[in-house]
Amino acid sequence: MSSNGLEKSHATLRYTSMRVSIFLGCLLVALLLGHFGIIPVSGEAGMIFLFLLAAVASAPLSYALLSKQRDAMSAQLSGKLSGVRSRTAERIAAQNAEEDAADDAARAATAGQN
């Protein structure tokens, strides 16, 4: 498999792992700022505040830094979705053809009896 194909096949995993890494980096910075007293932290509420601060800080960073990975993930997911849609359409068409054939056979049998 080519490296481009490999990149596309793991686009969701790559995006998710990079997003988690950015969050963990922001959390580390927030914890260090809290540890050295730059951000006043006291008790459990302070720790929750640091986690929320890391989440708020990581969101715009992820948005700005991971646009290429997000586009690759979107292309991967839309490709899979279009494949599912086409298989579903084919299955419905086959079922409709079976029903039409059964209906035609029933009508022919009814017409033959009359």
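Our structure's up above, just so we're on the same page.
A. Main features of the overall build of the chain. Along the backbone of the chain there are four helices and zero strands. Tracing the chain from N to C terminus, the helices and strands come up as α-α-α-α. Against the 2.2 N^0.38 benchmark of 13 Å for 114 residues, the chain shows a C-alpha radius of gyration of 28 Å, more extended than a compact globule. Over its C-alpha atoms, taken along the principal directions, the chain stretches across nearly 95 × 40 × 20 Å.

B. Structural view of the environment of V56. Among the secondary structure elements, V56 is positioned in helix α3 (residues 43-65). We classify V56 as exposed; its relative accessible area is 60%. Put simply, V56 and E99 are 43 residues apart on the chain and 55 Å apart in space, counted from C-alpha to C-alpha.

C. Focus on the side chain of Q69. Structurally, Q69 can be placed in helix α4 (residues 67-113). Residue Q69 is classed as buried on the basis of its relative accessible area, which comes to 17%. Aside from chain neighbours lying at most four places away, what touches Q69 is R14, Y15 and M18.

D. Just the nonpolar core, in detail. Grouped together as the largest cluster of nonpolar side chains are eight residues: A11, Y15, I22, C26, L27, A54, L66 and M73. Those residues in contact with L66 that lie beyond four places of it in its chain are Y15, M18, R19, I22 and L61.

E. The arrangement of the environment of V29 in detail. Summarising the element assignment, V29 is placed in helix α2 (residues 11-35). Each C-alpha atom, one on V29 and one on A54, is 8.1 Å from the other, the two residues being 25 residues apart in sequence.

F. Main features of the packing of α2 against α3. The N-to-C vectors of α2 and α3 enclose an angle of 135 degrees; their axes lie 8 Å apart at closest approach. The angle between the axes of α2 and α3 places the two elements in the oblique class. Pair α2 / α3 crosses with right-handed handedness. Contacts from R19, I22, F23, C26, L27, A30 and L31 of α2 reach α3 at M47, L50, F51, L53, A54, A55, A57, S58, A59, L61, S62 and L65. For the contact of α2 with α3, the per-class residue count stands at 16 nonpolar, two polar and one charged.

G. A look at the side chain of Q76. Topologically, Q76 is positioned in helix α4. For Q76, a relative accessible area of 12% puts it in the buried group. Within the structure, the side chain of Q76 is placed 3.4 Å from the backbone nitrogen of A11, a separation counted as a polar contact.

Quick notes on the rules
- Residues numbered from 1 in each chain as written.
- Predicted model: local features only at pLDDT ≥ 70, side-chain atom pairs only at ≥ 80, totals over all residues.
- Heavy atoms only, no water.
- Helix = DSSP H or I, 4+ residues; strand = E, 2+ residues; numbered from the N terminus.
- Rg over C-alpha atoms; globule rule 2.2 N^0.38 Å.
- Buried < 20%, exposed > 50% of the residue type's maximum accessible area, 1.4 Å probe, protein only.
- Contact = heavy atoms within 4.5 Å.
- Core = buried A, V, L, I, M, F, W, Y, C linked by side-chain atoms within 4.5 Å.
- Axes fitted to C-alpha atoms, helices over the stretch in contact; angles between N-to-C directions.
- Parallel < 35°, antiparallel > 145°, perpendicular 65-115°, else oblique.
- Left-handed = near helix turned anticlockwise from the far one by under 90°.
- Nonpolar A, V, L, I, M, F, W, Y, C, P; charged D, E, K, R; others polar.
- Polar contact = N/O pair within 3.5 Å; in protein donor to acceptor, adjacent residues only side chain to side chain.

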